[in-house]
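A structural walkthrough
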Amino acid sequence: MTSAPPLELPGWRHVYSGKVRDLYVPADTADDAAPARLLVVASDRVSAFDHVLAPGIPDKGELLTTLSLWWFDQLAGADGGPGIPNHLAPDHVLASDDAISVIPDAVQGRAMLVRSLDMQPIECVVRGYLTGSGWAEYRVSGTVCGIPLPEGLSDGDRLPEPLYTPAFKAPMGEHDENITFERSVELVGAETATALRDLSLEIYRRAAATAEAHGLILADTKFEFGFDAEGVLTLADEVLTSDSSRYWDAESWRTGTTPAERMASFDKQIVRDWLAAHWDKTGEPPALPAEIVERTRERYATLLRLLTA
């Protein structure tokens with residue numbers, strides 16, 4: 001499908017659009033300058049199998065931004081753990097004794113004002129359960145991303161320990177590449193690679209415990225990090241949303257008798273399943289039915305309610 005042109009936002013200049021998000025810099029930023037602040041706008045676009053689909057999911061951008069902001073707050077110390085630096089910047093300024101929002105009205109609720117970071121080329125994936133591409137590999141070789149696992153595991157089983165399985169962030173338009181930890185050392189150096197691994201595993205364990213307390217399983221997720229101007233490793237991008245993570249209902253996982261029942265997810269799996277059944281992955285994908293759109297929105301909204309209630 002052809003995406004709608006990005007919004008024109010006063011005081012901001014559009015510089016990039018991904019499948020589901022748009023990026024802006026202050027309008028007075030020189031073309032060759034690194035901006036101190038960026039505006040990340042989450043759209044209602046939904047993608048699957050490397051295609052942006054139509055129609056979008058109503059309120060998706062706001063729901064996922066709200067969830068990201070909640071998780072950033074939890075990981076900053078609200079969950080009782082040590083504070084993990086994140087990329088959020090103050091989104092209000094004082095003007096004549098009043099706090100004025102820096103985020104334009106047109107994108108309130110779906111935008112994050114963030115600090116510019118030196119982003120690392122590693123997508124930090126943590127898997128706590130065996131599913132998806134990991135399950136497919138395990139069935140063939142008994143491994144996940146080359147890491148040997150015990151025999152006899154089933155689709156959806158909890159892993160003995162969470163696995164850190166990094167990926168190399170490929171250039172725009174290309175697929176990310178699963179890599180070994182040793183390869184990540186070659187790419188970013190031993191100190192940074194170790195810090196990325198250790199921080200990713202810490203965040204996963206804390207988030208999984210929080211999810212469990214709300215009747216949810218965090219099956220897997222992915223993080224992105226960058227270094228700030230002081231050289232501090234900083235959590236960036238979105239975090240622990242339905243677009244970057246698999247969440248399952250804990251009771252269904254315990255009592256379900258089929259993989260579909262055990263792993264009913266709070267993400268766009270509904271979209272993937274419908275598309276796989278109605279499209280041969282050639283040409284433009286078909287439009288999503290209204291029922292699929294509404295069910296997907298309901299899953300996003302339900303996850304937010306369950307976590308933040």
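Everything numeric here is computed off the predicted structure, so don't read it as measured data. (Residues numbered from 1 in each chain as written. Predicted model: local features only at pLDDT ≥ 70, side-chain atom pairs only at ≥ 80, totals over all residues. Heavy atoms only, no water.)

1. Here's the deal with the domain arrangement of the chain
How big an interface is tends to be expressed through the accessible area that disappears when the partners come together. Assigned domains of the chain: these are domain 1 (12–115) and domain 2 (118–259). Domain 1 puts 23 residues into the contact, and the matching count from domain 2 is 22 residues. Summed over both partners, the interface of domain 1 with domain 2 buries about 1900 Å², with 61% contributed by carbon and sulfur atoms. The tally of links from domain 1 across to domain 2 stands at five salt bridges. Applying the counting rule to domain 1 against domain 2 returns 12 residue pairs in polar contact (both at pLDDT 80 or more). Elements that contribute at least two residues to the side of domain 1 that touches domain 2 include exactly α1 (60–78) and β8 (111–115). Tallying contributions element by element places α1 first for the side of domain 1 that touches domain 2, with 10 residues. Looking at side-chain class alone, the side of domain 1 that touches domain 2 contains 12 nonpolar, six polar and five charged residues. (Domains from an automatic or database assignment. Contact = heavy atoms within 4.5 Å. Buried area = accessible area lost by both parts, 1.4 Å probe. Salt bridge = Lys/Arg side-chain N within 4 Å of Asp/Glu carboxyl O. Polar contact = N/O pair within 3.5 Å; in protein donor to acceptor, adjacent residues only side chain to side chain. Helix = DSSP H or I, 4+ residues; strand = E, 2+ residues; numbered from the N terminus. Nonpolar A, V, L, I, M, F, W, Y, C, P; charged D, E, K, R; others polar.)

2. Side note on the environment of V25
By secondary structure assignment, the location of V25 is in strand β2 (residues 21–26). It is 49 Å that separates the C-alpha atoms of V25 and T255, two residues lying 230 residues apart in sequence. Dropping the residues within four chain positions of it, V25 is found in contact with G11, W12, R13, V15, P35, R37 and L38.

3. Focus: the pattern of salt bridges
Per the stated rule, a full pass over the model turns up 20 salt bridges. Between R13 and D31 there is a salt bridge, with the nearest N and O atoms lying 3.5 Å from each other. Residue R13 is found in strand β1 (residues 12–17), and its partner D31 is found in the loop between β2 and β3 (37–42); the two are separated by 18 residues along the sequence. Here R13 falls in the partly exposed class, since its relative accessible area comes to 27%. With a shortest N-O distance of 3.8 Å, K222 and E123 are connected by a salt bridge. Of this pair, K222 sits in strand β16 (residues 216–227) while E123 is found in strand β10 (residues 122–129), placing the two residues 99 residues apart along the sequence. When salt bridges with common partners are traced through the structure, they connect R21, D237 and E238 into a single cluster. (Buried < 20%, exposed > 50% of the residue type's maximum accessible area, 1.4 Å probe, protein only.)

4. With respect to the state of the cysteines
Considering all chains together, one arrives at zero disulfides under this definition. C145 provides the cysteine sulfur closest to C124, a residue in no disulfide bond, and the two sulfurs are 13 Å apart. Accessibility expressed as a relative area gives 0% for C124, which makes it buried. (Disulfide = S-S within 2.5 Å.)

5. Topic: the pairing of β8
The side chains of a regular strand alternate, first on one face of the sheet and then on the other. In terms of burial, β8 is largely enclosed, as four of its five residues are buried. By the bridge criterion, five bridges tie β3 to β8 in an arrangement that is antiparallel. Of the residues in β8, the one forming a bridge with R37 is R115. (Pairing = 2+ DSSP bridges.)

6. Regarding the packing of aromatic side chains
Enumeration over the complete set of coordinates arrives at five aromatic pairs. On the basis of an interplanar angle of 90° and a centroid distance of 5.6 Å, the ring pair of Y129 and W253 is categorised as edge-to-face. Of the two residues, Y129 sits in strand β10 while W253 sits in helix α5 (residues 250–255), which places them 124 residues apart along the sequence. Here Y129 matches W253 in class, with each residue buried. Pairing F223 with F225 gives two aromatic rings, centres 6.3 Å apart and planes at 55°, and the pair type is tilted. With respect to class, F223 is no different from F225; both count as buried. Three or more aromatic residues link up through ring pairs in this structure, and these residues are Y129, W248 and W253. (Phe/Tyr/Trp six-rings, centres within 6.5 Å; stacked < 30°, edge-to-face > 60°.)

7. Describing the side chain of E224
Mapped onto the fold, E224 is located in strand β16. Of the residues examined, E224 reaches a relative accessible area of 16% and is grouped as buried. Sequence-distant contacts of E224, defined by excluding residues within four places in its chain, comprise M119, E123, K169, T234, L235, A236 and D237.

8. Let's talk about helix α8 (residues 290–308)
In a regular helix each residue adds 1.5 Å, so 19 residues correspond to 27 Å; α8 covers 27 Å between its end C-alpha atoms and thus fits that length. Those residues of α8 lying buried are I292, V293, T296, R299, Y300, T302, L303, L304 and L307. Elements that come into contact with the buried residues of α8 comprise α1, α4 (190–213), β16, β18 (245–249) and α7 (269–278). (Expected span 1.5 Å × (residues − 1).)

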